[in-house]
Amino acid sequence: MRIAFLADIHANLEALEAVRRDAAGRAIDRTIFLGDIVGYGADPGACVDIVRDACAAGAGGLLGNHDEAVDASRFKLNGNAEAAIQWTRAVLSADQKAFLAGLPLSITDESRLYVHASAAKSASFPYVHGLHEARDSLMATDAKLAVVGHVHAPALYHMTVTGKVMGFVPIIDTPIPLSTQRRWLAVMGAVGQPRDGNPAAAYGIYDTATNEMTFARVPYDIERAAAKIRAAGLPDNLWQRLSTGR
Amino acid sequence: MAKMDLAPGTVLDGFTIGRVVHKGGMAIFYDVTHPDHAIPMLMKVPILREGEDPATIVGFEMEQMILPRLSGRHVPRYIAKGDFARQPYLVYERVPGDTLYKRLDTLPLPPLEVAAIAAKVATALHDLHGQHVIHLDIKPSNIILRDPDGEAVLIDYGLSHHVQLPDLMDEEFRLPYGTAPYMAPEQVYGIRSDPRSDLFALGVLMYFFTTGVRPFGDPQRLKGLQRRVWWDPVPPRRLQPAIPPWLQEIILRCLAPNPAHRHPTAAQLAFDLTHPEQVTLTPRASKLERDPWGMRMKRRFNPDSFRPDRARVKQLDARINAAPIVVAAIDLSDSHRDLTDAVRVTVARILATLPDARLACLNVQKINLITPDDHLDADGHSIHVQRLVALKDWARTLNIAEDRVTCHVLEAVDAGGAILDYVRSNTVDHVVLGATTSTRLRNILGSVATEIVQKAPCTVTVVRKSRAQDTAAAASVHLA
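Everything numeric here is computed off the predicted structure, so don't read it as measured data.

## Side note on the overall build of chain B
Reasoning step 1: Along the backbone of chain B there are 15 helices and 15 strands.
Reasoning step 2: Put simply, chain B has 480 residues, and 54% of those count as buried.
Reasoning step 3: The contacts in chain B between residues at least 6 apart in sequence include a share of 72% that link residues at least 24 apart.
Reasoning step 4: For chain B, the computed accessible surface area is about 22,200 Å², with 54% contributed by carbon and sulfur atoms.

## Considering the overall build of chain A
Reasoning step 1: When you go through chain A residue by residue, the secondary structure sums to eight helices and twelve strands.
Reasoning step 2: Its C-alpha atoms give chain A principal-axis dimensions of about 50 × 35 × 35 Å.
Reasoning step 3: The proportion of buried residues among the 246 residues of chain A is 59%.

## With respect to the interface of chain A and chain B
Reasoning step 1: Taken residue by residue, the interface counts 17 residues in chain A and 16 residues in chain B.
Reasoning step 2: In total, chain A and chain B occlude about 1,400 Å² of area from one another, counting both sides; carbon and sulfur atoms represent 56% of this.
Reasoning step 3: It is M166, P177 and Q181 of chain A that lose the most area in chain A upon contact with chain B, and together they represent 35% of the buried surface on that side.
Reasoning step 4: Between the two partners, chain A and chain B, sit two salt bridges.
Reasoning step 5: Across the salt bridge formed by R182 of chain A and E61 of chain B, the nearest N and O atoms sit 2.9 Å from each other.
Reasoning step 6: Inspection of the region where chain A meets chain B yields five residue pairs in polar contact (both at pLDDT 80 or more).
Reasoning step 7: Listing elements by their share of the side of chain A that touches chain B, those giving two or more residues are β7 (155-159), β8 (165-168) and β9 (176-177) of chain A.

## Considering the sheet that holds strand β5 (residues 112-115) of chain A
Residue and element names in this part refer to chain A.
Reasoning step 1: Strand order in this open sheet of six strands is β4-β5-β6-β10-β7-β8, and the pairing throughout is mixed. Of all the strands in the sheet, just β4 (106-109) and β8 have a single pairing partner and so form its edges. Each adjacent strand pair in this sheet contributes to an overall mean axis angle of 15°, direction not counted.
Reasoning step 2: Here four bridges tie β7 to β8, and the two strands are oriented antiparallel to one another. When the sheet's bridge partners are listed, Y157 is paired in β8 with G167.

## Side note on the sheet that holds β9 of chain A
Residues and elements named next belong to chain A.
Reasoning step 1: The six strands are arranged β3-β2-β1-β11-β12-β9 in an open sheet whose pairing can be described as mixed. Each edge of the open sheet is held by one strand with a lone partner, namely β3 (60-61) and β9.
Reasoning step 2: Bridge count between strand β11 (residues 201-207) and strand β12 (residues 212-218): seven bridges; the pairing is antiparallel. Bridged to A202 within β12 is R217.
Reasoning step 3: The sheet strands contacting helix α1 (residues 13-24) are β1 (2-6), β2 (30-33), β11 and β12, and the helix crosses β11 at an angle near 30°.

## Re the pattern of salt bridges
All names here are of chain B.
Reasoning step 1: By the definition in use, this model includes 39 salt bridges over all chains.
Reasoning step 2: Taking the shortest distance from any N to any O, the salt bridge between D167 and R192 comes out at 2.9 Å. Here R192 lies in the loop between α3 (185-188) and α4 (196-211) and D167 lies in the loop between β10 (161-162) and α3, a separation of 25 residues in the sequence. Considered together, D167 and R192 belong to a single accessibility category, that of buried residues.
Reasoning step 3: R344 is paired through a salt bridge with D341; the nearest N and O atoms lie 3.1 Å apart.

## Considering the environment of F29 of chain B
Residue and element names in this part refer to chain B.
Reasoning step 1: The residue F29 is located in strand β3 (residues 27-34) in this model.
Reasoning step 2: Put simply, F29 and M41 are twelve residues apart on the chain and 9.9 Å apart in space, counted from C-alpha to C-alpha.
Reasoning step 3: Among residues more than four places away in sequence, those in contact with F29 are R19, V20, V21, H22, L42, M43, K44 and Y92.

## Examining the packing of aromatic side chains
Residue and element names in this part refer to chain B.
Reasoning step 1: In this structure the tally under the stated criterion is six aromatic pairs over all chains.
Reasoning step 2: Geometrically, the ring pair formed by F15 and Y89 is edge-to-face, given 6.3 Å between the ring centres and 70° between the ring planes. Here F15, found in strand β2 (residues 15-23), pairs with Y89, found in strand β6 (residues 89-93); they are 74 residues apart in sequence, far enough to count as distant.
Reasoning step 3: A centroid spacing of 6.1 Å and a plane angle of 70° characterise the contact between F208 and F209, whose relative ring orientation is edge-to-face. With respect to burial, F208 and F209 carry one shared label: buried.

## What about helix α6 (residues 131-139) of chain A?
An α-helix turns once per 3.6 residues; consequently, residues spaced three or four apart project the same way.
All names here are of chain A.
Reasoning step 1: Taken together, the buried positions of α6 are occupied by A134, S137 and L138. Relative to the axis of α6, the buried residues are bounded by an arc of 95° and lie together on one face. Seen from the open side of α6, the exposed residues pointing more than 90 degrees away from its buried face are H132 and M139.
Reasoning step 2: Packing partners of the buried residues in α6 comprise β7, β8 and β10 (183-187).

## Here's the deal with unusual backbone geometry
Peptide bonds are trans in most cases, and residues, glycine excluded, mostly fall at negative phi.
Residues and elements named next belong to chain B.
Reasoning step 1: At the junction of L107 and P108, the peptide bond is cis and its omega measures out at -5° in the coordinates.
Reasoning step 2: Among the secondary structure elements, P108 is positioned in the loop between β6 and α2 (111-130).
Reasoning step 3: Here D147 and P148 are connected by a cis peptide whose omega angle stands at 0°.
Reasoning step 4: Among the secondary structure elements, P148 is positioned in the loop between β8 (143-145) and β9 (152-154).

## Let's talk about the layout of surface pockets
Residues and elements named next belong to chain B.
Reasoning step 1: Estimates place the volume of the largest pocket at around 1,400 Å³.
Reasoning step 2: Lining the largest pocket are 42 residues, with H22, F29, S141, N142 and D156 positioned closest to its centre.
Reasoning step 3: Residue assignment for the lining of the largest pocket shows that the elements contributing at least two residues are β2, β3, β4 (37-46), α1 (54-66), β6 and α5 (222-226).
Reasoning step 4: It is α1 that provides the largest number of residues to the lining of the largest pocket, a total of five residues.
Reasoning step 5: Residue composition of the lining of the largest pocket, by class: 20 nonpolar, twelve polar and ten charged.
Reasoning step 6: Residue-level mapping places the lining of the largest pocket at the junction of two domains, with at least three residues from each of domain 1 (11-93) and domain 2 (100-319).

## Section: the confidence of the model for chain B
Residue and element names in this part refer to chain B.
Reasoning step 1: On average, residues of chain B carry a pLDDT of 86, and 86% of them reach 70 or more.
Reasoning step 2: Scored below 50 in pLDDT, residues 476-480 shows three contacts in the model against residues more than four places distant or in partner chains.
Reasoning step 3: Interface confidence in the predicted complex, given as ipTM, is 0.79; pTM for the same model is 0.83.

## Regarding the side chain of S160 of chain B
Residues and elements named next belong to chain B.
Reasoning step 1: Summarising the element assignment, S160 is placed in the loop between β9 and β10.
Reasoning step 2: A polar contact is formed between the side chain of S160 and the backbone oxygen of H135, at a distance of 2.9 Å.
Reasoning step 3: With sequence-adjacent residues up to four places away left out, S160 is seen in contact with M62, I66, V133, I134, H135, L136 and R192.

## Looking at the environment of L154 of chain B
All names here are of chain B.
Reasoning step 1: By the secondary structure assignment, L154 is in strand β9.
Reasoning step 2: As a C-alpha pair, L154 and I134 span 20 residues in sequence and 11 Å in three-dimensional space.
Reasoning step 3: The residues touching L154, leaving out its near neighbours within four places in the chain, are H74, V75, P76, V121, A124, L125, L128, H135, I138, N142 and I143.

## A few points about the domain arrangement of chain B
When the parts of a complex come together, some accessible area is lost, and that lost area is often used as the size of the interface.
Residue and element names in this part refer to chain B.
Reasoning step 1: Domain annotation of chain B identifies domain 1 (11-93), domain 2 (100-319) and domain 3 (324-479).
Reasoning step 2: Each of domain 1 and domain 2 has a C-alpha centre, and the two are 27 Å apart.
Reasoning step 3: Contact residues are listed per partner, giving 20 residues for domain 1 and 26 residues for domain 2.
Reasoning step 4: Interface area for domain 1 against domain 2, summed over the two sides, is near 2,000 Å², with a carbon-plus-sulfur share of 62%.
Reasoning step 5: When residues of domain 1 are sorted by the area they lose upon contact with domain 2, M62, I66 and H74 head the list and together hold 32% of the total.
Reasoning step 6: Across the domain 1-domain 2 interface, the total number found is three salt bridges.
Reasoning step 7: Scanning the region where domain 1 abuts domain 2 turns up seven residue pairs in polar contact (both at pLDDT 80 or more).
Reasoning step 8: Classifying every residue of the side of domain 1 that touches domain 2 gives ten nonpolar, three polar and seven charged.

So, how was this worked out
- Residues numbered from 1 in each chain as written.
- Chains lettered and ligands numbered in written order.
- Predicted model: local features only at pLDDT ≥ 70, side-chain atom pairs only at ≥ 80, totals over all residues.
- Heavy atoms only, no water.
- Helix = DSSP H or I, 4+ residues; strand = E, 2+ residues; numbered from the N terminus.
- Buried < 20%, exposed > 50% of the residue type's maximum accessible area, 1.4 Å probe, protein only.
- Contact = heavy atoms within 4.5 Å.
- Areas by Shrake-Rupley, 256 points an atom, 1.4 Å probe, with all protein chains shown as cover.
- Buried area = accessible area lost by both parts, 1.4 Å probe.
- Salt bridge = Lys/Arg side-chain N within 4 Å of Asp/Glu carboxyl O.
- Polar contact = N/O pair within 3.5 Å; in protein donor to acceptor, adjacent residues only side chain to side chain.
- Pairing = 2+ DSSP bridges.
- Axes fitted to C-alpha atoms, helices over the stretch in contact; angles between N-to-C directions.
- Phe/Tyr/Trp six-rings, centres within 6.5 Å; stacked < 30°, edge-to-face > 60°.
- Arc of directions from axis to C-beta.
- 1 Å grid on protein atoms, 1.4 Å probe; cavity = no way out; pocket = protein on both sides within 12 Å on 5 of 7 lines; lining within 4 Å.
- Points joined across faces, edges and corners; volume = space filled by probe spheres on them.
- Nonpolar A, V, L, I, M, F, W, Y, C, P; charged D, E, K, R; others polar.
- Domains from an automatic or database assignment.
- pLDDT = per-residue confidence, 0-100.

Here it is as C-alpha cells:
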C-alpha cells in the first residue's frame, strides 16, 4: 500500500490542488492529512471541503493547532497566525468548523503513528526542530514509524535500539529505505507554506511493501495563491513568504 | 531476531543454500541457487552473536540500503535481501575472478602492472562516485578483477556512505571505522563524505603493491592512525627503484594528508595512470628521502592546514560536477583559424567557472590505411610532433596551470571514431568542438560534429563562428 502524507495545507488551494494532481500519478492508495488545513491562506473553506470529502472516502485527517484555534474557546495563536485565524473563523461555515473540531489528535495505523506535531505531548503541539525534540517524540511512542508535520521543513530522524538519534535532510524524490532495525520519525514539509527555502509544495509518500519513504516537491501557482491572500487583507508577510519558501 | 540453521540444502525465500564459500569475521558467504535466477550467486549472512560489535549490524543495514541502488559493471548485481526480523541476508551476483587479496603473496608487483590495476580501480571508483556512493573501505580484499575482461568490481558496502540516504554509521560510533592501513586521515577524524578518501586508500594500495610495504604500517590504536596526518612515508622509489617518477608522483599525490591536494576525482586519477607521459612531475616525483624532521614537526603541531575542515567538505555530486574532464577537439588547418579561436573562447569560459576541471586538447591526424608508414614529411620532422606543438600553442593562451592541460594527437583513419573512443575510455564529461555553418564546409567538418553529438555519452558543445566571420571564411576558401 502506498500512503500519501499531506501536512500544513494552510488554506493554500493552489498548492493543495497541485499536490493532489501529482499524487494522482503516483498510485496512492490512501491519504493522511496531518493537520493545519486552515490558517495563513485565503481558501480555508475550499481546502476543508476537499479534506472532508477525502476523509469521507477513506482518507485520514488529523487536528492541527490552527484547526483547533478556529474554535475561539480553545488553543490560542500569536501575531499573524491569530490575525489569519480570526479572518478564517469569519469565512468558514458551521459545518466546516464542526468537521475541524471533530478531527483526532493522532491516528495509529498498524505499527505506524500519525500526529500533527509530535508523539510527545501531542495536545500542546511542540515543534520537532532537531535531534533533542526528535528523541522526545520517538521515546513517547513505540511505533516503528511516526509521521508528523508542523515545522514546515522536511526531515527524517532515526533511533537505534540503544536510543541514539540521528537526523537527515531528505533528498527530493529519492526513496529512502527505512531499516527495520531502528525506529523512524518522518517530518513532512508543508503543502501550503514551505519554510525550508524551497517554495514548492512538499508532501511525502510511504510504500508499505518496500518500506520506503519518498519526499516529493511540487511547483504550484504561487502568484495566484499570494494574490488571494493579499486581496483578503491578511498580513503582508503571509503572501510574501510563499515565493521565498522562508 | 531469530537465527535459522542455514545447513546446505536449506531453502530460504526460494534460495537453496549450498556450500560455505568464505567465512569472515563479520559474515558468512554461501553459494546459493534459485529457479528464477540463472547466474552464480552468493548469499551474505551477518554473524550476529550476543555482545557482538554493533557495527556489524549497522554495516549490514547500510549494505542492504546501498547495494540495491547500485548498477553497472563495477558492482556485483543485487538480487535479494532478507529482513532482520527473520533472517538478515543479501544475495548478489558471484563475480567471476579473484580479489586482489590473492596477490599479496606475490608482492611487490611490477610497477606498470600496479598502475594498470590501479587505473581499473580508479575507473570503478569514478563509476561508484557517480552513483552517489563513497566506498570508504577500498583494500585488496574488496576489489575483484572480473574474468575475463579484467575490469575492477568493488564489493562490500558495509562502511560506505550514500550521499542521498541517511548515514546510519555516522556519529553512531565514537571510533572511526575502516581498515587501519588504508584509512584516509579525514576518515580517522570522522569525516565520511569526501570521495577523495577512496583515492587515499587506492594510493596506499599502489604503494603496498609496488614496494611490498604498507606506507603507514597497520596501526592498532587511534594515536597510531592519526600519525598519518604528519608522518609521511618513505618515498616508494627508495624501496623500489624500478618505480618510474611519474608513478611515484601519482602515489604520493594520492597519499596527501589533505584531500584538497589529491586528484579532484577518480576519473582524473585514472587519466594520469593511463597517460604517464602527460603527468606533470613535481619535486616529489624524484624525492628519495622523507620530509625533513622540522617540516614533519611543523605538521604535527600545526595540523590545521592538513586536517580537513568538516564544514568545507563539498557534497559528492557537487565535487564531481566541479572537476570534469573537458576535451577540446581542435582542427589545426589554417582555414579554420577563426573557428579554433572561437572554440578557445568557449573553453576558457568553461574552465573559468571550474577550477578543478581538466582539459585534454585533441587533434586527429588522419592516416592512410594503404601506406600507414608515411608519417614523416620531407624535413624529417614528424607531423605528429608538429601538431602536438601547435596544440600546445593553442592551449597556451588559455593561461591555465600546466598540470590541468594535456595535449594528444590521435592517429586514426576516422576522426569522429577516434574522438569517441577517447571520450569513452577516459570518462570524458564534456566535449567542445567547432563546426562551420557554411553548407560547403559542413559536408567535411560537420559530419564529425554530427557524429560526436549523436554518439558521445556526455555533454557536447558545438561552437560556431558569428555569421559575419563565417561568410568571410567561406569566401577565402572560394578564393583559394
